[in-house]
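Structural description and commentary
Here is how the chains run, residue by residue.
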Amino acid sequence: MKLLIFGSTGGTGRELLKQALEQGYRVTAYARNPAKIEDIKHASLQVIRGDVLDPAFVESAVAGQEAVLSTIGAGAGRTSLRADGTRNIVDAMEKIGVRRLVCQSSLGVGDSHANLPFFTKYVIVPVFLRHAFADHERQEAVVRQSSLDWTIVRPPHLTNGPRTGAYRHGFSTTDTQIKGKISRADVADFMLKQLGDGTYVHQTPGVSY
Ligand SMILES: NC(=O)c1ccc[n+]([C@@H]2O[C@H](COP(=O)([O-])OP(=O)(O)OC[C@H]3O[C@@H](n4cnc5c(N)ncnc54)[C@H](OP(=O)(O)O)[C@@H]3O)[C@@H](O)[C@H]2O)c1
């Protein structure tokens, strides 16, 4: 299967890229700065330089792909990068006819707000993460309103720990047993598993230890 990855130079994106290559996918990594992944060499890897805010370039990258994964991000400041970039990805996929999209968002967005612990919900998110969360809300709306076979993946706090494969997913919005963190490697593991599993098509599963 031919995959296109947006956000490939980021924390989760690098993990996604490495795991996809290990699993035998043919991968196109879309990167603003390809030098950040020049240490990853593989016969099945093509790296193209581009900005996700450039619709024409996004469209040319989507052509010929079978699935798209996105881990784009822009820190905690005021931004519309996630929403605007995702709009370009969705528009290109709908125009060209590539249907499967797996998109990373965040636990706490939409109905998963209920999953957040008290301090995160009432202090961290409103004070420090309000812009990022507003952008994720708009990003999720773009994906939900699309005609694609989409899955929105919602992790809580990301760590740089190893891939364990031992995490929970698809828990209810009232679940209080989740640990509120997960490694980027395990988020990547879950995102890749969605390519061979339709369980969460048109759904927004949380993933967490
Ligand atoms: N940090 C957390 O605890 C946490 C928790 C839940 C959800 N999230 C969300 O998860 C997502 C991924 O997180 P992460 O920590 O893996 O992200 P990250 O390390 O910040 O990586 C973001 C990626 O997006 C790319 N990007 C940004 N602007 C771009 C543009 N204009 N054109 C092309 N690529 C662009 C970056 O490219 P460059 O390398 O060129 O900058 C990078 O590859 C984010 O949306 C974040 O909000 C984070």
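Everything here concerns the structure above.
Residues numbered from 1 in each chain as written. Predicted model: local features only at pLDDT ≥ 70, side-chain atom pairs only at ≥ 80, totals over all residues. Heavy atoms only, no water.

Observations regarding the overall build of the chain
Selection criterion: In DSSP terms, a helix is any run of H or I states spanning at least four residues, a strand is any run of E spanning at least two, and both are numbered starting from the N terminus. Taken over C-alpha atoms, the radius of gyration is set against a globule rule of 2.2 Å times the number of residues to the power 0.38. Residue exposure (1.4 Å probe, protein chains only): buried if accessible area is under 20% of the type maximum, exposed if over 50%, otherwise partly exposed. The contact criterion used throughout is that any non-hydrogen atoms of two residues lie within 4.5 Å. Accessibility throughout is a Shrake-Rupley quantity obtained with a 1.4 Å probe, and a residue counts as covered only by protein chains that appear here.
Counting its secondary structure elements, the chain contains six helices and 10 strands. Computed over its C-alpha atoms, the radius of gyration of the chain comes to 16 Å, within 12% of the 17 Å expected for a compact globule of 209 residues. With respect to the three principal axes, the spread of C-alpha positions in the chain is 45 × 30 × 30 Å. Taken over 209 residues, the chain has a buried fraction of 49%. A fraction of 72% describes how many contacts in the chain between residues 6 or more apart in sequence connect residues 24 or more apart. Element-wise, carbon and sulfur atoms account for 51% of the exposed surface of the chain, whose accessible area totals about 9600 Å².

What to know about the site of the ligand
The test is simple: Residues are classed as near a molecule or strand on a simple rule: at least one heavy atom within 4 Å of it. Each polar contact in these results corresponds to two N or O atoms within 3.5 Å; when the atoms are within protein, one needs to be able to donate a hydrogen and the other to accept it, and residues that are neighboring in sequence are counted only if both atoms are side-chain atoms. Grid spacing is 1 Å over the protein atoms alone, the probe is 1.4 Å, and a cavity is where that probe fits but cannot get out, while a pocket is an open set with protein on both sides within 12 Å along at least five of seven lines and lining residues have an atom within 4 Å of a point. Pocket or cavity membership: a molecule qualifies when more than half of its atoms sit within 2 Å of the grid points of that site. Charged means Asp, Glu, Lys or Arg here, nonpolar means Ala, Val, Leu, Ile, Met, Phe, Trp, Tyr, Cys or Pro, and polar covers whatever is left, Gly included.
Contacts to the ligand come from 25 residues, most closely from Thr9, Thr12, Arg32, Lys36 and Ile72. A distance of 2.9 Å separates an oxygen atom of the ligand from a polar backbone atom of Gly10. Within the side chain of His136, a nitrogen or oxygen atom sits 2.8 Å from an oxygen atom of the ligand. Burial of the ligand by the protein amounts to 81% of the accessible area it has alone, namely 930 Å². Placement of the ligand is best described as lying within the largest pocket. For the shell around the ligand, the secondary-structure elements that each account for two or more residues are helix H1 (11-22), helix H3 (81-96) and strand S7 (157-159). In terms of residue class, the shell around the ligand is built from six nonpolar, 14 polar and five charged.

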